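Listed below are the residues making up each chain.
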Amino acid sequence: MAEKDAKQAVAKMSEDKKDDIMQNFQSFKNYLGDQVHKGEKLGLGEEGLAKGAKRVADYLADHEEPRNREEKVLNELWNVANKEEREHMAHVLVKLASETN
């Protein structure tokens with residue numbers, strides 16, 4: 001997941017595709033896992049993956065409404081976290097996604 005590409009991919013994604021991913025938290029985790037695996041195949045390390053995850057999370061927090069309870073909790077945590085905490089959360093999200101698929 002290249003940093004700019006990840007943000008652009010989410011922004012350009014069709015609403016139907018977003019709905020499919022965001023309606024169910026397991027689908028959301030599976031999608032993230034697929035993106036992490038793609039990034040790993042491109043040679044991105046943990047830091048690069050976390051930076052990409054942070055950019056996507058920033059985009060989602062600013063432009064998308066949570067569509068289930070789990071996403072609501074993540075959104076609220078993201079919104080109250082400072083920069084350093086968000087970086088840690090991005091690493092945790094990459095770890096979660098890596099273990100999903």
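Just so it is clear, the model here is predicted, and its values are computed rather than measured.

About the criteria used
- Residues numbered from 1 in each chain as written.
- Predicted model: local features only at pLDDT ≥ 70, side-chain atom pairs only at ≥ 80, totals over all residues.
- Heavy atoms only, no water.
- Helix = DSSP H or I, 4+ residues; strand = E, 2+ residues; numbered from the N terminus.
- Areas by Shrake-Rupley, 256 points an atom, 1.4 Å probe, with all protein chains shown as cover.
- 1 Å grid on protein atoms, 1.4 Å probe; cavity = no way out; pocket = protein on both sides within 12 Å on 5 of 7 lines; lining within 4 Å.
- Points joined across faces, edges and corners; volume = space filled by probe spheres on them.
- Nonpolar A, V, L, I, M, F, W, Y, C, P; charged D, E, K, R; others polar.
- Core = buried A, V, L, I, M, F, W, Y, C linked by side-chain atoms within 4.5 Å.
- Buried < 20%, exposed > 50% of the residue type's maximum accessible area, 1.4 Å probe, protein only.
- Contact = heavy atoms within 4.5 Å.
- Patch = residues over 30% accessible without salt bridge, like charges linked within 9 Å, V, L, I, M, F, W, Y side chains within 5 Å.
- Salt bridge = Lys/Arg side-chain N within 4 Å of Asp/Glu carboxyl O.
- Lys, Arg positive; Asp, Glu negative; His and termini not counted.
- Charge placed at Lys NZ, Arg CZ, Asp CG, Glu CD.
- Phe/Tyr/Trp six-rings, centres within 6.5 Å; stacked < 30°, edge-to-face > 60°.

Colleague: Sorry, what's going on with the overall build of the chain here?
Modeller: Broken down by element type, the chain carries six helices and zero strands. Tracing the chain from N to C terminus, the helices and strands come up as α-α-α-α-α-α. Split by element, the accessible area of the chain, about 6400 Å² in all, is 50% carbon and sulfur.

Colleague: Can you help me understand empty space enclosed by the protein in this one?
Modeller: To find leftover empty space, a probe the size of one water molecule is rolled over the atoms. Enumeration according to the criterion identifies two cavities of 30 Å³ or more in this entry. As a volume, the largest cavity reaches approximately 320 Å³. For the lining of the largest cavity, the elements supplying multiple residues, two or more each, are helix 3 (25-41), helix 4 (46-63), helix 5 (69-80) and helix 6 (83-100). Among the elements that make up the lining of the largest cavity, the one with the highest residue count is helix 4 (five residues). Residue classes in the lining of the largest cavity are distributed as 17 nonpolar, one polar and three charged.

Colleague: Looking at this structure, how should I read the nonpolar core?
Modeller: Grouped burial of nonpolar side chains is what soluble globular proteins tend to show. Core analysis: the biggest nonpolar cluster contains 17 residues, and Ile21, Met22, Phe28, Val36, Leu60 and Val94 have the highest contact counts within it. Among the secondary structure elements, those contributing two or more residues to this core are helix 2 (15-22), helix 3, helix 4 and helix 6. In terms of residue count, the dominant contributor to this core is helix 4 (six residues). Not counting chain neighbours up to four residues away, the residues in contact with isoleucine 21 comprise Met13, Ser27, Phe28, Tyr31 and Glu71.

Colleague: Teacher, can you tell me more about a negative patch on the surface here?
Modeller: Together, Glu46, Glu47, Glu84, Glu85 and Glu87 line one region of the surface with negative charge. Among the secondary structure elements, those contributing two or more residues to the negative patch are helix 4 and helix 6. In terms of residue count, helix 6 provides more of the negative patch than any other element does, three residues in total. Summarising the element assignment, glutamate 46 is placed in helix 4.

Colleague: Help me out: how do you make sense of the packing of aromatic side chains in this one?
Modeller: Counted by the stated rule, this structure contains one aromatic pair. With a centroid separation of 5.9 Å and 35 degrees between ring planes, the pair formed by phenylalanine 25 and phenylalanine 28 is classed as tilted. With phenylalanine 25 and phenylalanine 28 both in helix 3 and three residues apart, the pair spans about one turn of that helix. The exposure class assigned to phenylalanine 25 is buried, which follows from its relative accessible area of 18%.

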